[in-house]
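Residues per chain are reported as follows:
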Amino acid sequence: MKLLILDRDGVINHDSDAYIKSVEEWLPIPGSIEAIAQLSKAGWTVAVATNQSGIARGYYELAVLDAMHQRLRDLVAEQGGEVGLIVYCPHGPDEGCDCRKPKPGMLKTIAAHYGIALSGVWFVGDSLGDLEAAKAVDCQPVLVKTGKGEKTLGKTLPVGTLIFDDLAAIAAELIHN
Ligand SMILES: O=P(O)(O)OC[C@@H](O)[C@H]1O[C@@H](OP(=O)(O)O)[C@@H](O)[C@@H](O)[C@@H]1O
Ligand SMILES: [Mg+2]
Ligand SMILES: [Zn+2]
């Protein structure tokens, strides 16, 4: 199966240093909804792995997070596509969970859900922790320049990291090559 795993904030939707705390604050990056729909219609399964420490920090409730993800699903469905499994880590940085990136727990959850190996599966993120999580399970780390991506570009990236302007460019690459 053709599986693509996406980070959420800074890849699908705009991110904020103040966290994305409501559906109203959850604003798609131009071209991202269309990209997911086009990938889906081209036979790709698009899953999401997102840190959501804002839950642990009390910035927003799980119901609000679910509403954001329903919004994502609705917008992609309006374009004729669908979103696969969305996995999130609701924990804070000091809780020592196994799912918070850069740990690869969410990627492993997605692989187990679909019954496939992660080796070579593209994981697209805007933060170094996304790329490190990918590397930890032999996924292909892919950096986008949206969200925190430009800042991440200035850091030492995992060897072999691919770099694209945005999710739309990734969709064009995967669909047409
Ligand atoms: O990019 P993904 O994984 O989808 O989600 C990132 C968010 O959970 C938030 O993660 C926080 O990091 P801390 O969790 O506070 O270290 C900050 O970077 C926020 O700006 C950001 O909105
Ligand atoms: Mg992000
Ligand atoms: Zn966690």
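Cut-offs used in this document
- Residues numbered from 1 in each chain as written.
- Chains lettered and ligands numbered in written order.
- Predicted model: local features only at pLDDT ≥ 70, side-chain atom pairs only at ≥ 80, totals over all residues.
- Heavy atoms only, no water.
- Donors = N, O, S within 2.8 Å, 3.2 Å for Na, K, Ca; no water.
- Buried < 20%, exposed > 50% of the residue type's maximum accessible area, 1.4 Å probe, protein only.
- Tetrahedral: all angles 85-135°; square planar, octahedral: opposite > 155°, others 65-115°.
- pLDDT = per-residue confidence, 0-100.
- Salt bridge = Lys/Arg side-chain N within 4 Å of Asp/Glu carboxyl O.
- Helix = DSSP H or I, 4+ residues; strand = E, 2+ residues; numbered from the N terminus.
- Contact = heavy atoms within 4.5 Å.
- Near = heavy atom within 4 Å.
- Polar contact = N/O pair within 3.5 Å; in protein donor to acceptor, adjacent residues only side chain to side chain.
- Areas by Shrake-Rupley, 256 points an atom, 1.4 Å probe, with all protein chains shown as cover.
- Axes fitted to C-alpha atoms, helices over the stretch in contact; angles between N-to-C directions.
- Parallel < 35°, antiparallel > 145°, perpendicular 65-115°, else oblique.
- Left-handed = near helix turned anticlockwise from the far one by under 90°.

The next subject is the coordination of the magnesium ion (ligand 2). For the magnesium ion (ligand 2), the full set of protein donor atoms is Asp7 (OD), Asp9 (O) and Asp126 (OD), at a range of 2.1 Å. In primary sequence terms, the donor set of the magnesium ion (ligand 2) follows D-x1-D-x116-D. Considered together, Asp7 and Asp9 belong to a single accessibility category, that of buried residues.

Around the zinc ion (ligand 3), the protein contributes the donor atoms Cys89 (SG), His91 (ND1), Cys97 (SG) and Cys99 (SG), at 2.0 to 2.3 Å from the metal centre. Of note is the zinc ion (ligand 3), whose 4 donor atoms meet at the metal with angles of 104 to 117° in an arrangement that counts as tetrahedral. All donors of the zinc ion (ligand 3) come from a single chain, and their spacing in sequence reads C-x1-H-x5-C-x1-C. According to the relative accessible area criterion, Cys89 is buried, its value standing at 1%. Among the residues examined, Cys97 registers a relative accessible area of 12% and is labelled buried.

Moving on to the confidence of the model for the protein. Taken over all residues, the pLDDT of the protein has a mean of 98, while the share at 70 or more is 100%. Overall fold confidence for the complex sits at a pTM of 0.98, while the interface term, ipTM, reaches 0.97.

Bringing the pattern of salt bridges into the picture now. Any two side chains of opposite charge can pair, on the condition that their charged atoms come close. This model, assessed by the stated rule, comprises 8 salt bridges. Put simply, Asp130 and Lys101 hold a salt bridge, and the shortest N to O gap is 2.8 Å. With Asp130 in helix α5 (residues 128-136) and Lys101 in the loop between β3 (86-89) and α4 (105-114), this residue pair connects regions lying 29 residues apart in the sequence. On the basis of relative accessibility, which here comes to 4%, the residue Asp130 falls in the buried class. Measuring nitrogen to oxygen at the nearest pair gives 3.4 Å for the salt bridge that ties Lys145 to Asp165. In this pair, Lys145 is assigned in the loop between β5 (140-144) and α6 (149-153) and Asp165 in the loop between β6 (162-164) and α7 (167-176), connecting sequence segments 20 residues apart. When its relative accessible area of 31% is taken as the criterion, Lys145 is described as partly exposed. Using a relative accessible area of 48% as the deciding quantity, one classes Asp165 as partly exposed.

Attention shifts here to α4. What α4 keeps buried is the set Gly105, Met106, Leu107, Ile110 and Ala111. Buried-residue contacts for α4 involve β1 (2-6), β2 (44-51), β3, β4 (122-125) and α5. One or two steps after α4, the chain reaches Gly115, where phi turns positive at roughly 65°.

Taken together, 16 residues lie around ligand 1, and Asp15, Tyr19, Thr50, Asn51 and Arg100 are the ones closest in. The contact in question runs from an oxygen atom of ligand 1 to an N or O atom on the side chain of Arg57, over 2.8 Å. Contacts to ligand 1 include Lys101, whose side-chain N or O atom sits 2.8 Å from an oxygen atom. Coverage of ligand 1 by the protein amounts to 83% of the 510 Å² it exposes when considered alone.

Right, let's get into the packing of helix α1 (residues 32-41) against helix α3 (residues 62-78). Closest axis-to-axis distance for the α1/α3 pair is 9 Å, and the angle between their directions is 65°. Compared by their axis directions, α1 and α3 come out roughly perpendicular. Like other packed secondary-structure pairs, α1 and α3 cross with a definite hand, here right-handed. Together, Ile33, Ile36 and Ala37 of α1 and Leu72, Leu75 and Val76 of α3 make up the contact between the two elements.

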